[in-house]
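Structure assessment
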Amino acid sequence: MNETPTGTDAMIVATGLRKTYDDFTAVDGIDFTVTRGESFGLLGPNGAGKSTTMRMIACTSQRTGGTLEILGRDTDHHGPWIRAHLGVVPQQDNLDRELTVTENLYIYGRYFGLGKKFINAKVEELLEFAQLTEKRDAKVDSLSGGMKRRLTIARALINEPEILMLDEPTTGLDPQARHILWDRLFRLKEMGVTLIITTHYMDEAEQLCDRLVVMDKGKFMAEGTPAGLIQQHCSREVIEVRFGSERNAEVADQIRDLAVRLEILPDRILMYTDDGERDLARMVERGLHPITSLVRRSSLEDVFLRLTGRSLVD
Amino acid sequence: MTVVSEQSRTWQGALKVVDSQRAIRFGWWYVAEYRLRNLMKWISAVIAFGIGNPVLYLASIGFGVGSLVNHHGNGLGPDGVPYLTFLAPALLATAAIQSTFEEVTFPTMHGLKWENVYYAMTATAVTPNQIATGVMVVAFLRGLFTTIIYWVVLAIAGAFHSPTALLAIPAGMIAGVSFAAVMLALTLRFIDSQNFLASIGRFVITPLFMFSGTFFPLSAIPIWLRWIGWISPLWHATDLGRVLMYGRAVPGWLVATHAIYLVVLGAVAFIIAQRQITKKMTK
């Protein structure tokens, strides 16, 4: 099964990977290894360098520096060979709207040099997998956003890829469609397909990724399992209290000692603590009665915002 | 390895499923296959256009203008042959150019701008260079198809008087392929400009058609307009077609120039097109 010359199960090995355009550095020296069957997530705000990293892995963008090996081969010299073994789900669907669902799958299989017989059998399997059997002869134009997305994923599986790359797989989908997609992706993961996922949905990362990195300005800010990252960069719980936008700042000084860390936002105060209920009770004992209060577990989103900041990056 | 679930019994992985050597070698053909499949959806339009176009030109220029010209020259047109015979190689080359032009420009816009389908191709073993090659292969096939239909219509109309008339097809096709390579390079270069396709039609195709010795020998127009013919693949192909078809008296060096010009123009343009598409698709 394993044909990587190093004898390990390393599917992707990057060291000091860099990509610069004229005067802009998109990826600024990142190191990572992805092993077989792993589900690896790249998180980061827009412009963090996620898509550029994905393009370099998919061998459609040449690196400026560092090394990048996929399935044991250098991406600069073995692009077509590497791509023949990958599945790519781009950020924006690029299905052929003039062809039907089945034709889209068929023609894509041909790009890998697959035979008619193999493709036809595979198409049936994938139609079922993507829950598109009833739409098999429909033109792509008539499909909903979720269906198109599932078709794009099915298409990327036609060659039974060793690594499936998903660039923001569920952006723009409604909750039902997202959950169906997650279920499909989870099945692939169970089958041992290595997944590389970029997303800015934290729940998606928590659902799908064994390990993830938070990327910002072309660099890795943190790396670990979803739970590990929360533990490492955040307290166990968060109390969100609102005293009204005028009073928040004034109250903050009186409760600073209760929290491990305090974040004052225009509309609310976030208190990072280890025991939310206890500290909320202490606050009330001091005669401070917030308009609304909420105690919750820390999430990946807290980690993400802490590491990449709250300002808008568009 | 993780536990393999029920549905995945057949999953073997790409390293086993894909014959990477074959995928890498024949990528250009898979691109062509895709284009042909797309084209088949419009096949009736392609055929109708292929027949309708020559019939229109035959009726108006061939018979209408032809009767005037022939009347003037005691039944013969330029070069001492009937006007329709004189016109036929030009019409064939024009048909070749027109159809290959459509086959390189619109699919390329579709692939890189309107729908991004070329980007789906380069996510597989297919390379940008192979896309360019595949597009040219289909342009050639479509040009050949159209030219053959055109030739048959002209034959029925009585334009040909010797078996060498068949040679007008390859003469026209050299121009078709050569011009297609130029258009492919230009399309790739100006893909982001708004009115590229419309401008090409108005400012390149139409003047070429008018001033390439199509309806009259190039020597009939003032010298300061003849340069359009000299650079035009259409003139080179038309003149070559006339030599091959009915033995028009042209010096040997000029015949060689026609052939070399078309081949070199096409080859250089194709190399440029490959560079353009690779640059565009691998940022």
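Residues numbered from 1 in each chain as written. Chains lettered and ligands numbered in written order. Predicted model: local features only at pLDDT ≥ 70, side-chain atom pairs only at ≥ 80, totals over all residues. Heavy atoms only, no water.

As for the overall build of chain B
Within chain B one finds twelve helices and zero strands. In chain B, the succession of helices and strands from N to C terminus is α-α-α-α-α-α-α-α-α-α-α-α. C-alpha extents for chain B along the principal axes are approximately 90 × 35 × 35 Å. Scored against the burial criterion, the 283 residues of chain B give a buried share of 53%. For chain B, long-range pairs separated by at least 24 residues make up 74% of all intrachain contacts whose partners lie at least 6 apart in sequence. Surface accessibility of chain B: about 12700 Å² in total, with carbon and sulfur atoms responsible for 70%. (Helix = DSSP H or I, 4+ residues; strand = E, 2+ residues; numbered from the N terminus. Buried < 20%, exposed > 50% of the residue type's maximum accessible area, 1.4 Å probe, protein only. Contact = heavy atoms within 4.5 Å. Areas by Shrake-Rupley, 256 points an atom, 1.4 Å probe, with all protein chains shown as cover.)

A word on the overall build of chain A
Per the secondary structure count, chain A includes eleven helices and 14 strands. Taking the principal axes of the C-alpha coordinates as reference, chain A spans close to 75 × 45 × 35 Å. Burial analysis of chain A (314 residues in total) assigns 56% to the buried set. By sequence separation, contacts in chain A at least 24 residues apart represent 68% of the contacts at least 6 residues apart. As presented, chain A carries roughly 13300 Å² of accessible surface, and 48% of it is formed by carbon and sulfur atoms. If the 40 positive side-chain charges of chain A are averaged to one point and the 49 negative ones to another, these points end up 2 Å apart. (Lys, Arg positive; Asp, Glu negative; His and termini not counted. Charge placed at Lys NZ, Arg CZ, Asp CG, Glu CD.)

A short note on helix H9 (residues 196–211) of chain B
Residue and element names in this part refer to chain B. The first and last C-alpha atoms of H9 sit 22 Å apart over 16 residues, in line with the 22 Å expected at 1.5 Å per residue. The sharpest bend along H9 measures roughly 25° and falls at Ile205, with the proline Pro207 sitting one to four residues further on. Residues of H9 that are buried make contact with helix H4 (43–72), helix H5 (83–114), helix H8 (168–189), helix H10 (223–231) and helix H11 (233–246). Directly beyond the C-terminal end of H9, a positive phi value near 70° is found at Gly213. (Expected span 1.5 Å × (residues − 1). Bend = angle between axes of the 7 residues up to and from the residue.)

Comments concerning the interface of chain B and chain A
Taken residue by residue, the interface counts 44 residues in chain B and 47 residues in chain A. Around 4200 Å² of area is buried between chain B and chain A when both sides are counted, 57% of it from carbon and sulfur atoms. Contact with chain A buries surface across chain B, with B:Trp11, B:Leu15 and B:Arg37 losing the most and accounting together for 19% of the total. Our enumeration of links across chain B and chain A arrives at four salt bridges. Notably, a salt bridge pairs B:Glu33 with A:Arg110, separated by 2.8 Å at the nearest N-O pair. Linking chain B to chain A there are 17 residue pairs in polar contact (both at pLDDT 80 or more). Only helix H1 (14–17), helix H2 (20–25), helix H3 (27–40) and helix H6 (117–121) of chain B provide two or more residues apiece to the side of chain B that touches chain A. In terms of residues, the side of chain B that touches chain A owes the most to one element, H3(B), which gives seven residues. Its residues placed into classes, the side of chain B that touches chain A shows 23 nonpolar, 15 polar and six charged. (Buried area = accessible area lost by both parts, 1.4 Å probe. Salt bridge = Lys/Arg side-chain N within 4 Å of Asp/Glu carboxyl O. Polar contact = N/O pair within 3.5 Å; in protein donor to acceptor, adjacent residues only side chain to side chain. Nonpolar A, V, L, I, M, F, W, Y, C, P; charged D, E, K, R; others polar.)

What to know about the domain arrangement of chain A
Taken domain by domain, chain A consists of domain 1 (10–228) and domain 2 (235–297). Computed from C-alpha atoms alone, the centre-to-centre distance between domain 1 of chain A and domain 2 of chain A is 40 Å. (Domains from an automatic or database assignment.)

A word on the side chain of A:Thr100
As for its position among the elements, A:Thr100 is in the loop between strand E6 (86–89) and helix H3 (101–111). Under the relative-accessibility criterion, A:Thr100 is labelled buried at 13%. In contact with A:Thr100, other than residues within four places in its own chain, are A:Arg136, A:Asp137, A:Ala138, A:Lys139, A:Val140 and B:Lys41.

With respect to the nonpolar core
Grouped burial of nonpolar side chains is what soluble globular proteins tend to show. Core analysis: the biggest nonpolar cluster contains 172 residues, and A:Ile12, A:Ile158, A:Leu164, B:Tyr118, B:Ile131 and B:Leu154 have the highest contact counts within it. Take this core: its biggest share by element is 15 residues, from H5(B). Counting the residues that make up this core, at least three belong to each of domain 1 (10–228) and domain 2 (235–297) of chain A. Discounting residues that sit within four places of it in the chain, A:Ile158 has contacts with A:Leu105, A:Tyr108, A:Gly109, A:Phe112, A:Leu114, A:Phe118, A:Ile119, A:Lys122, A:Val123 and A:Leu126. A:Val241, A:Ala252, A:Ala259 and A:Met283 belong to the second-largest nonpolar core, a separate cluster that totals 14 residues. (Core = buried A, V, L, I, M, F, W, Y, C linked by side-chain atoms within 4.5 Å.)

Remarks on the environment of A:Arg297
Residues and elements named next belong to chain A. Along the polypeptide, Arg297 turns up in strand E14 (residues 292–297). Here Arg297 falls in the exposed class, since its relative accessible area comes to 55%. Measuring from C-alpha to C-alpha, the distance between Arg297 and Arg18 comes to 36 Å, with 279 residues separating the pair along the chain. Aside from chain neighbours lying at most four places away, what touches Arg297 is Arg236, Glu237 and Asp302.

Examining the environment of A:Arg149
Residue and element names in this part refer to chain A. Along the chain, Arg149 turns up in helix H5 (residues 145–156). Here Arg149 falls in the buried class, since its relative accessible area comes to 4%. Aside from chain neighbours lying at most four places away, what touches Arg149 is Val89, Pro90, Gln91, Gln92, Asp93, Asp167, Glu168, Pro169, Leu173 and Leu181. Among the polar contacts made by the side chain of Arg149, one reaches the main-chain carbonyl oxygen of Asp167 at a distance of 3.4 Å.

Things to note about a nonpolar patch on the surface
Together, B:Phe26, B:Trp28, B:Trp29, B:Phe140 and B:Leu141 give the surface a local cluster of nonpolar side chains, amounting to about 410 Å² of exposed area. With respect to the helices and strands, B:Phe140 occurs in helix H7 (residues 128–156). (Patch = residues over 30% accessible without salt bridge, like charges linked within 9 Å, V, L, I, M, F, W, Y side chains within 5 Å.)

Observations regarding the packing of H11(B) against helix H12 (residues 252–281) of chain B
When two helices pack together, their arrangement is given by the angle between their axes and by how far apart the axes lie. All names here are of chain B. In contact at an axis separation of 9 Å, H11 and H12 are set at 135° when each is read in the N-to-C sense. Of the possible angle classes, the one that applies to H11 and H12 is oblique. The element H11 and its partner H12 pack so that their crossing is left-handed. Across the interface between the two elements, Pro233, Trp235, His236, Ala237, Asp239, Leu240 and Val243 from H11 touch Leu254, Val255, His258, Tyr261, Leu262 and Leu265 from H12. Each residue belonging to the contact of H11 with H12 can be placed in one class, and the counts come to ten nonpolar, two polar and one charged. (Axes fitted to C-alpha atoms, helices over the stretch in contact; angles between N-to-C directions. Parallel < 35°, antiparallel > 145°, perpendicular 65-115°, else oblique. Left-handed = near helix turned anticlockwise from the far one by under 90°.)

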